[in-house]
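# Geometric and topological summary
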Amino acid sequence: MSRVLVVEDEADVAQLVALGLERQGHEVKIADDGPEAMEIAVDWMPDLIVLDVRLPTMDGFEVCRRLRTLPHTSQSPILFLTAKAVLEDKLMGFKAGGDDYLTKPFDFPELVWRVRALLRRSHPLQPEYLRVGPLTLNCRTFEVQVGDKTQLLTQVEFDLLSHLMRHRGEVFSSDQLLQAVWGYPPGVGSPALVRVHIRNLRRKIEPDPSKPIWLQTVRGHGYTIRPEVTRP
């Protein structure tokens, strides 16, 4: 049983989501604003957070940024569930540290699918470390080290980077990554989700994120980690 915190100020929506997730076997708590969500997160340590953007006193983007600073929620998957469907809003959500973004009105089976995908945690036969050139990924602490620089990754950043490192030199399209990393069926999920997390990873591992030398884009095909990397 996973713990899911639903942060939603519309009581009917919150109850609908909570009831549906409980029927899926999850334990659910509800918060109707940002401060309450932070308090519950500290005390209850949820495995996943479903987060609305339009909240009183503190919007969901700020709640997400603050949750990412807490030890117990720094790596917890965060799913934005909101009526704000503009692409710029989605990008803001990903930049704030969100892992996925579902707009209202939504189909509940899709919500269930996305929650299941985000709660995926099993990495059978996962080694303690993955290494490609100067990149060292600690699979127990979710830290990536590049030279003397160490960065803590979110769950999805870790899943994405570890997948690329395990398949060094292979090129993956956005759709392939959405299936392999996020667990979506073919054709589900937005390439923007992949782009933003690639961008976030580059900020953490590249000397110059605007000119990546390790996590590269193969134009028209997708993304890859170079199998042999040397410092510039």
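Look up a bit, the structure's there.
Below, the structure is looked at part by part.

## Some words on the sheet that holds strand 7 (residues 135-138)
Read from one edge to the other, the open sheet built from 4 strands follows the order 6-7-8-9, with strand pairing classed as antiparallel. For this open sheet the edge positions go to strand 6 (129-132) and strand 9 (149-152), each flanked by a neighbour on one side alone. The sheet shows a mean angle of 15° between the axes of neighbouring strands, direction not considered. Sheet strands touched by helix 6 (residues 155-166): strand 6, strand 7, strand 8 (143-146) and strand 9. Its angle to strand 7, the strand with the most contacts, is close to 125°. Relative to strand 9, helix 8 (residues 191-205) is tilted by about 150°, and along the sheet it contacts strand 7, strand 8 and strand 9.

## Details of a negative patch on the surface
Side chains of Asp-9, Glu-10, Asp-12, Asp-32, Glu-36, Glu-39 and Asp-43 sit close together on the surface and give a patch of like negative charge. Counting residues per element, the negative patch draws most heavily on helix 2 (residues 34-44), at 3 residues. Here Asp-32 lies in the loop between strand 2 (27-31) and helix 2.

## A word on unusual backbone geometry
Geometrically, the link from Lys-104 to Pro-105 is a cis peptide bond, its omega value of -5° lying close to zero. By the element assignment, Pro-105 lies in the loop between strand 5 (100-103) and helix 5 (108-118). The phi dihedral of Met-45 is positive, around 55°, even though this residue is not glycine. Its location among the elements puts Met-45 in the loop between helix 2 and strand 3 (48-51). At Phe-142, a residue that is not glycine, the phi angle is positive and equals roughly 65°.

Reading the values: the criteria
Residues numbered from 1 in each chain as written. Predicted model: local features only at pLDDT ≥ 70, side-chain atom pairs only at ≥ 80, totals over all residues. Heavy atoms only, no water. Pairing = 2+ DSSP bridges. Helix = DSSP H or I, 4+ residues; strand = E, 2+ residues; numbered from the N terminus. Axes fitted to C-alpha atoms, helices over the stretch in contact; angles between N-to-C directions. Contact = heavy atoms within 4.5 Å. Patch = residues over 30% accessible without salt bridge, like charges linked within 9 Å, V, L, I, M, F, W, Y side chains within 5 Å. Areas by Shrake-Rupley, 256 points an atom, 1.4 Å probe, with all protein chains shown as cover. Salt bridge = Lys/Arg side-chain N within 4 Å of Asp/Glu carboxyl O. Lys, Arg positive; Asp, Glu negative; His and termini not counted. Charge placed at Lys NZ, Arg CZ, Asp CG, Glu CD.

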